Structure formats: C-alpha cells, structure tokens
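Architecture at a glance
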Amino acid sequence: MNIQQPIGNREPSRTEAEAALDTLRAWADRASDDEIAGLDPRLLRLIPGLPDPAYPVMSREYPAHFVPDEGYKRSMPDLQNGPASLIRGANRPIQHVGISNFRLPVRFRTREGGDVTLQASVTGTVSLEADKKGINMSRIMRSFYQHAEKQFSVWVIAAALDDYKADLDSFDARIQMRFSFPMKVESLRSGLMGWQYYDIALELVDQAGTRRQFLHLDYVYSSTCPCSLELSEHARAGRGQLATPHSQRSVARLSVEVLPGKVLWFEDLIDLCRRAVPTETQVMVKREDEQAFAELNAANPIFVEDAARLFCEVLEDDARIGDFRVVASHQESLHSHDAVSVLTRGETFASASLDPRLFSTLIHAG
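Presented here is an overview of the structure given in this document. This is a predicted model, so every value here is computed, not measured.

Brief notes about the overall build of the chain
- When helices and strands are counted, the chain shows 9 helices and 8 strands.
- The C-alpha radius of gyration computed for the chain amounts to 35 Å, which surpasses the reference 21 Å derived for 366 residues by more than 25%, pointing to a less compact arrangement than a globule.
- Along the longest, intermediate and shortest principal axes, the C-alpha atoms of the chain span 125 × 55 × 40 Å.
- Relative to its 366 residues, the chain shows a buried fraction of 36%.
- For the chain, the proportion of contacts with a sequence separation of at least 24, taken over those separated by at least 6, is 64%.

Here you go:
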C-alpha cells in the first residue's frame, strides 16, 4: 500500500506539482464556484470563462449620462498642482512652459478702421518656479476663448496675459499669435488687383513686471544680384552677347518692438518694407507688369548685406520702433546654397547663438 508522505519543508518536485494540479482540476470540475472560492479564491483561475480574480471587474461601457458633482470633481487627482515631492529631474525654475499651435479665430483691426477675422495659431507660456510641479494648461485655452469672442487681437492677448498671471500664479508670461494677414495690392502697370498674404506674429511679453509688445513679419521680395547685373551688361556691351542677371525669391523676417503708447499697424510695417526694398513679389501679372518688374529689379539690385541695411534704415527712422532684428535670406538661383544676413539693434534680439533651423524657416513656398 502507498502512503502519502507529508512534504513539510521539503521542496516538491515538478512531478508532484503536476499530479497535485491534475487532482485540483478534477475536483474543480465537480465542485461549485463557492466551494472553489472557499478553498482558495486563486483557484477560480481553474474555471474556464471566469475573470482572473487578481483583476477587478470593470465596466467596459462609456457612461454617457454620468454627470460629476462638485464633490466628485474635488476628489479627482491633480498631479500638475501636486506637491514638490512629485517633481522629477532637477529642482530648477522653467523659463517657458505652456502650449503651442492652439488655433482659434481672432478679430483683427485694420488701419482703415475695418476688421477681419483670421485663424490664429497661439503659443502661450508662463514661467514656472522651481518648487511647483506644473501648470494647468487648459486654463490658457479657456482664457483665450473667454476673450476672443468680444475683443480684438491686442486686447485679447492683454486680457489673456492678465488671466495667466492671476490663474497660474506665475511671475512671467508670454503670448504669441501667428496668422496670415491679407492685403489687396495693385499690379505695377495693368491696374489689376490681387490679395497678398503676409505671415505675421503678434507677441506680448510680461517679464519682471514689465510688459512689451513685438511684431514679427515675413516680407517676400525679389533680389537681383548687382554683380550678375554688371557682368551681364559687360557681355552685352563688350561682345554683343545676350546675358541675364540672376534673381531669386528672397525673404526678410523683421522682428520689432513697438514702444509703449505707440501704434504700429501691420500695414505700417509692410509699407516700411516696401519703402526699403520695393521689389516685392507680385500677385496679378500681365505682360506689361512683368516688364515693369524686370525694370524695377534692374533699378534696385541688392546683395543680402544691402537688404539688411536697407531694412535697418527705415526701422531706425521710425519713432514707434525700439529694438529690432532683421534676418534676410536670398535663396540663390546661381548657387546651391543661400546667402543670409542678420542685423540687430538693442539687447532684446542680440544673441551669441542662433537657432540651427532659423534660416530654413524663411523658405516660402507661396
């Protein structure tokens, strides 16, 4: 007769474990669910089709009619506003934290007294103290929706900035809105009209209790190389050889500080660019306009260095403008590379380092 020996502290063998498992399964086939759970809840895993007791049974249907009350909302965790003990990484302040490319329609005033509603892309950031875990970013968006429907662009930003500092308890805040601003322009000679679109950004910065306003504009123009123009004329005059100077689509990004108490319309900044470099790319063109554009380029040949200085000249003469930066890119038709220049006034835009992708962002596909 075989007598089962107690295992005690002895390590059971695999053969003994398999035999015990077969016995349990045979017993589970005849026992009730309650009997199995009473022996050991973990044995419920032996019953096909039953959920694993290690995992709670959850509803898999969306509760469309559930409405949280105030007590429930107060009970919800808020990690972003949690204690400093939750901070990961270095315990250091952050200069900018917020949202980028938040889009909504915003009304803009025009110089002539009208208004236009444009889709704006908003970047909103605040500073974050070292001992704060994070910010509630939804407040940034709620603040914009609150003001965008009843105010114009600059006032929308100013009101949102006030909300930022109050709601998020931050010492610095910045808001920038990017948009494409339309202006009707007339062709050079045919009298046709067309819409020219300008990439503009309006920025408000509140830093150390001082509020400053900035405008950023991308101005697209044609640049005819002075050297190429002279060499082409030399070939014509000296050898009767037809030659054409090379021109290219070029872009200048002007960033200017609008001084306190001053008004600088978008149209004003565009007019300054046209005065500095009149060879703006055209919208509507007939043959007489194309000929006029060729003559206009020949009358205004410029290197990229010339462009930076010409833009600088008109900006320096405008009493509404403080610090500024001019970034110009002539996207060469002669070379496989671009010609670029950067010119700044004041400390705001002065920098020993440049964004490695700065010039690649100046390519305009039209």
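A look at the side chain of S232
- Tracing the sequence through the fold places S232 in helix α6 (residues 226-239).
- The class for S232 is buried, based on a relative accessible area of 4%.
- At 2.9 Å, the side chain of S232 and the backbone oxygen of S228 are in polar contact.
- Contact partners of S232, with chain neighbours within four places excluded, come to A243, T244 and P245.

Brief notes about helix α9 (residues 304-316)
- If you check α9, its first and last C-alpha atoms are 18 Å apart, about what 13 residues at 1.5 Å a residue would give, namely 18 Å.
- Those residues of α9 that sit buried are V304, A307, A308, F311, C312, V314 and L315.
- On its buried face, α9 sits against β5 (210-224), β6 (247-258), α7 (266-276), β7 (321-330) and β8 (339-345).

Cut-off values and rules
Residues numbered from 1 in each chain as written. Predicted model: local features only at pLDDT ≥ 70, side-chain atom pairs only at ≥ 80, totals over all residues. Heavy atoms only, no water. Helix = DSSP H or I, 4+ residues; strand = E, 2+ residues; numbered from the N terminus. Rg over C-alpha atoms; globule rule 2.2 N^0.38 Å. Buried < 20%, exposed > 50% of the residue type's maximum accessible area, 1.4 Å probe, protein only. Contact = heavy atoms within 4.5 Å. Polar contact = N/O pair within 3.5 Å; in protein donor to acceptor, adjacent residues only side chain to side chain. Expected span 1.5 Å × (residues − 1).

This is a description of form; function is not addressed.
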